[in-house]
Amino acid sequence: MGPARPYALVLLAFFTRCALALWPIPRSLVGGTTPVKLSPSFSIDLGDVHDPPADLLAAASRSRSRLDSDRFQRLVLGRGASDTGAIARAHTLHSVSLALCPGSLVRSIADETNKPIDSKSESYELWIPTNDTRAMLTANSTLGLLRGLTTFEQLWYDYGGVKYMLDGPLRIVDEPAFPYRGFSFDTSRNFYPVSDILRTIDAMSWVKLSVLYWHIIDSQSFPLGIPAFPELSEKGAYSLDEIYTGDDVQRIIKFANERGVDVVVEMDWPGHTTAISSAYPEHIACASKSPWSKYASEPPAGQLRIASPSTLSFAQTLFASVAQMLPGTMMSSGGDEVNLPCWEEDEQTKADLARRNITIDDALNEFVQTVQGVIVEHGKTPFIKSDMVLTHNAPVVDDTVVVVWQKSEDATAVAQRGLRLIHQPSNYFYLDCGGGEWLGNDVLGNSWCDPFKTWQRAYSFDPYTNLTIQQFSLVLGGQMPLWSEQSSPENLDPIVWPRLAAGAEVFWTGATLPDGLPRLNTNATASTHALARLNELRYRMVDRGVNAIALQPKWCVLRPGECDLES
């Protein structure tokens, strides 16, 4: 990063005003007590970046626009009016200059985002002076500059159109603890318009999430338009108006990449494939067979006839078609919740097994190796769900990333196999849990993953629990999922935000807060600590048009500490 600058600073106590405004909290943050305000003609200067790429210019323009349009006032009694004296005497800042460190190559944010997950540079250093009119933001990449701009936007409160902070001078040195910080989004059980996905990606970028894991198809519908297989979406989607065309997919990926969000498309096979039967019934065993509970984890039943050579060829061609649509370096074949009775009772599957003299385990291994081979051939790292590895012992390629989803304890068994992993444990991270049963004729039913996963539950997660120091490097990060059996555009924002931000801080900030305390200390989620910062983030999101749900009554929000359990 840039050279050290001499200035007198004090370590910000975790409850001070500036620290309260930032989410995720930076890895290193020190500041003072002098108020700073932005000049009415404040500018973001990219003159020190040679030939800045278009998406960096666009990012700077978005940041400048938000500094104008954000109207968030500090969450204290009296709100911004309580700071009029500080605003009057505040030091005025006229610009922030962006620069890449010497020797850094100038690449677009999208190109930096699409690098392999473990080779991205997101670090940055931000310096806001009280004896100069220019702030400095330096990084090793345009992606790092984007992360720094995101932090810079969060520093400022508004009162009467004046943007100000109270804790200058300020120095932040920041980088993520984990490269993979994601949101798994199911857009198949219920359809979400492109605009909802784009708004969600935008909000993801505000909290430095780095991956959209897109669960784009499932048994209930096949909304992905694939040029080589147009019948799949034409017959398998809910309607012709509920399809993601190739242009939609490219638009979403481009939008995400320009905001530092990589996209991993999951084709969750060989289970979760019933919708294919609408166009290609010959490839699906036990399609919509009753009772569904014997043949599937949820209705409708149906999964690929993996023992059939023609089905294997179909899967190979389709995976290749989808892989060609994706510029990133990751793709998932899913693989969770396959159902053995479905295959055991399927006459064609039994005949294929007998004719080829193989077992269903052999067929499953062949299927996994085939689709992973396609993913690797297209230059992408394959992802797979943990039960395919732990329950079915399917062989996987060496650089496979395992999505640990059933329970957090499974990470230990995956790490013991020497496989890289991301955390997605249902007992900590599932955003859809706690909504009650969605199946009919079940008066006393609850969701399988009850209870509701609060932001505090997600925040309490330790990515290294039960792992040895030698296994730490296998953990790439984690993601919080939204399964959409009971979610749709109408409740997307409040069911996701601000809880998803808890995972963002778990995997950005890591184990230690900037004041040196463990992130999981005794009072970590108190309303003078993380809860106060998350309240501020929630109010900022609402100010920007994201309908994030309230975490507390406003009375409590304006009086940090007075609504804690033992206050």
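Residues numbered from 1 in each chain as written. Predicted model: local features only at pLDDT ≥ 70, side-chain atom pairs only at ≥ 80, totals over all residues. Heavy atoms only, no water.

**Q** Residue-level account of the layout of surface pockets, with values.
**A** Empty space within the largest pocket amounts to approximately 510 Å³. Of the residues in the lining of the largest pocket, the class split is twelve nonpolar, ten polar and eleven charged. The calculated volume of the second largest pocket comes to roughly 250 Å³. Forming the boundary of the second largest pocket are 15 residues, of which Gln456, Thr522, Asn523, Thr525 and Ala526 lie nearest the centre. Looking at the lining of the second largest pocket, its residues break down into six nonpolar, seven polar and two charged. (1 Å grid on protein atoms, 1.4 Å probe; cavity = no way out; pocket = protein on both sides within 12 Å on 5 of 7 lines; lining within 4 Å. Points joined across faces, edges and corners; volume = space filled by probe spheres on them. Nonpolar A, V, L, I, M, F, W, Y, C, P; charged D, E, K, R; others polar.)

**Q** Before we move on, can you summarise the pattern of salt bridges with the specific residues and values?
**A** In this structure the tally under the stated criterion is 34 salt bridges. Salt-bridge contacts for Asp158 lead to Arg71; the nearest nitrogen and oxygen are separated by 3.8 Å. Of this pair, Asp158 sits in strand β6 (residues 157-159) while Arg71 is found in the loop between α2 (54-69) and α3 (84-88), placing the two residues 87 residues apart along the sequence. Judged by relative accessible area, which is 43%, Arg71 ranks as partly exposed. Within the structure, one salt-bridge network assembled from shared partners comprises Arg66, Asp70, Glu153, Asp202, Lys254, Glu258, Arg259 and Arg544. (Salt bridge = Lys/Arg side-chain N within 4 Å of Asp/Glu carboxyl O. Helix = DSSP H or I, 4+ residues; strand = E, 2+ residues; numbered from the N terminus. Buried < 20%, exposed > 50% of the residue type's maximum accessible area, 1.4 Å probe, protein only.)

**Q** Break down the packing of aromatic side chains for me, citing the residues and quoting the values.
**A** A full pass over the atoms with the stated rule returns 27 aromatic pairs. Summarising the aromatic geometry, the rings of Phe72 and Tyr157 are spaced 5.8 Å apart at their centres and angled 35 degrees between planes, so their arrangement reads as tilted. A residue pair is termed long-range when its members are at least 10 positions apart, and Phe72 in the loop between α2 and α3 and Tyr157 in strand β6 qualify at 85 residues. Measuring from centroid to centroid gives 5.9 Å for Trp455 and Tyr459, while their planes differ by 65 degrees, and the two rings are edge-to-face. One end of the pair is Trp455 and the other is Tyr459, both in helix α16 (residues 455-459) and four residues apart, which spans about a single turn. Put simply, the rings of Phe178, Tyr428, Phe429, Phe461, Tyr464, Phe472 and Phe507 touch in pairs and so form one group of aromatic residues. Of note, Arg544 hangs over the ring of Trp206, and the distance from its end group to the ring centre comes to 4.8 Å. (Phe/Tyr/Trp six-rings, centres within 6.5 Å; stacked < 30°, edge-to-face > 60°. Lys NZ or Arg CZ within 6 Å of the ring centre and 35° of its normal.)

**Q** If you had to explain the state of the cysteines to someone new, which residues and values would you point to?
**A** Considering all chains together, one arrives at three disulfides under this definition. Each sulfur of the disulfide joining Cys286 and Cys342 lies 1.9 Å from the other. Here Cys286 and Cys342 share a disulfide; its torsion about the S-S bond, -100 degrees, makes the bridge left-handed. In this pair, Cys286 sits in the loop between β11 (284-285) and α9 (292-295) while Cys342 sits in helix α11 (residues 340-344), placing the two residues 56 residues apart along the sequence. Here Cys286 and Cys342 have matching classes, each one buried. Put simply, Cys556 and Cys563 are joined by a disulfide, and their sulfur atoms are 2.1 Å apart. Because the sign of the S-S torsion sets the handedness, a value of about -75 degrees for the bond joining Cys556 and Cys563 places this disulfide among the left-handed ones. (Disulfide = S-S within 2.5 Å.)

**Q** Describe the nonpolar core, naming the residues involved and giving the relevant values.
**A** Grouped together as the largest cluster of nonpolar side chains are 147 residues, with contacts concentrated most on Ile128, Phe152, Met267, Trp269 and Trp497. Those residues in contact with Met267 that lie beyond four places of it in its chain are Ile216, Ile217, Phe222, Leu224, Leu318, Phe319, Val322, Met331, Ser332, Ser333 and Gly334. (Core = buried A, V, L, I, M, F, W, Y, C linked by side-chain atoms within 4.5 Å. Contact = heavy atoms within 4.5 Å.)

**Q** Which residues make up the side chain of Glu505, and what values do they have?
**A** Inspection of the secondary structure puts Glu505 in helix α18 (residues 499-509). Of the polar contacts made by the side chain of Glu505, one reaches the backbone nitrogen of Ile25; its length is 2.8 Å. For Glu505, the residues in contact, after removing those within four places along its chain, are Trp23, Pro24, Ile25, Tyr459, Gly510, Arg519 and Arg533. (Polar contact = N/O pair within 3.5 Å; in protein donor to acceptor, adjacent residues only side chain to side chain.)

**Q** If you had to explain the pairing of strand β8 (residues 180-186) to someone new, which residues and values would you point to?
**A** The element β8 is extensively covered by neighbouring structure, given that seven of its seven residues are classed as buried. Every second residue of β8 is oriented toward a common face, with Tyr180, Gly182, Ser184 and Asp186 on one face and Arg181, Phe183 and Phe185 on the other, all of them buried. Here five bridges tie β8 to strand β9 (residues 211-215), and the two strands are oriented parallel to one another. By the bridge assignment for β9, Gly182 is matched with Val211. (Pairing = 2+ DSSP bridges.)

**Q** Report on unusual backbone geometry, specifying residues and quantitative values.
**A** Only a minority of non-glycine residues have a phi that is not negative, and only a minority of peptide bonds are not trans. Cis geometry marks the peptide bond from Trp269 to Pro270, where omega comes out at 10 degrees. Considering the arrangement of structural elements, one finds Pro270 in the loop between β10 (262-266) and β11. Residues other than glycine seldom take positive phi values, yet Asn466 does so here, at roughly 65 degrees. Along the polypeptide, Asn466 turns up in the loop between α16 and β17 (475-482).

**Q** Please set out the packing of helix α6 (residues 194-206) against helix α8 (residues 246-257) residue by residue, giving values where relevant.
**A** At their nearest, the axes of α6 and α8 sit 10 Å apart, and the two run at 15 degrees to each other. In terms of axis orientation, α6 runs roughly parallel to α8. The two elements α6 and α8 meet at a crossing, and its hand is right-handed. On α8, the residues that touch Val194, Ile197, Leu198, Ile201 and Asp202 of α6 are Asp248, Arg251, Ile252, Phe255 and Ala256. Its residues placed into classes, the contact of α6 with α8 shows seven nonpolar, no polar and three charged. (Axes fitted to C-alpha atoms, helices over the stretch in contact; angles between N-to-C directions. Parallel < 35°, antiparallel > 145°, perpendicular 65-115°, else oblique. Left-handed = near helix turned anticlockwise from the far one by under 90°.)

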